[in-house]
Amino acid sequence: SAIGILGDDGLVKDCNAVLASMSGYSKSEIINKMKWSDLVAKEDLERLQKYNTQRQKKGESPPSQYECKIISKYGETKYVIVNIGLDGNTRIVSLTDITERKLMEAELFKSEERYRLLIKNSPNLVFLQAPNGELTFVSEQSVDMLGYSPDEVKTLNVFDFIHKDDLEKAREASASIMHGEEL
């Protein structure tokens, strides 16, 4: 973890090499020269200043752990989890870099959104089924195409849509697919 020791004025009194590396500044550029607020992204600064003010007041209890963004010397945005503890007027701050996780979450969100749009706009029947044939998901488009209400669809089984002459073959094919076999 990146660790910094802050005075009650916010000045960085000491830090480890990890904090220096994370920020892009050398320890000599940070220690007794920079305030914690110099590293915080503008959009997070007001919230963190509020926490700091609350820490100085008796009876206030700001979070001791939170997420925020810091901006490195080179303009890179880093997402961090901040853990802060008090020792008198001294603040001991630990930062854990979660940038990679945040970027992956953003990509996952984009991917999920594309998937949702694809399903929503697909002219095909789109559904998911449990091994027993129970429908676990049916797209809105499919509900409209089938002519059932959303509540009715929830009570149906995929095999309810198969002609009785093809039912046995469909059950076998479904079982094979559920066991990872190719048809």
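Residues numbered from 1 in each chain as written. Predicted model: local features only at pLDDT ≥ 70, side-chain atom pairs only at ≥ 80, totals over all residues. Heavy atoms only, no water.

J.: When you look at the sheet that holds strand S4 (residues 77-87) in this model, what are you seeing that I'm missing?
T.: The strands making up a sheet associate through hydrogen bonds between their backbones, and the pairing can be parallel or antiparallel. Spatially, the 5 strands line up as an open sheet ordered S2-S1-S5-S4-S3, and their pairing is antiparallel. Because the sheet does not close on itself, it has two edges, and the strands there are strand S2 (12-15) and strand S3 (65-71). Mean inter-strand twist for the sheet, computed between neighbouring axes without regard to direction, equals 30°. Strand direction decides the pairing type here: strand S1 (residues 2-6) and strand S5 (residues 90-97), joined by 5 bridges, are antiparallel. Counterpart to Ile-3 in the pairing with S5 is Ser-94. Seen against the sheet, helix H3 (residues 42-56) touches S3, S4 and S5 and runs at an angle of roughly 135° to S3. Packed on one face of the sheet, helix H4 (residues 99-121) meets S3, S4 and S5 and runs near 130° to S4. (Pairing = 2+ DSSP bridges. Helix = DSSP H or I, 4+ residues; strand = E, 2+ residues; numbered from the N terminus. Axes fitted to C-alpha atoms, helices over the stretch in contact; angles between N-to-C directions. Contact = heavy atoms within 4.5 Å.)

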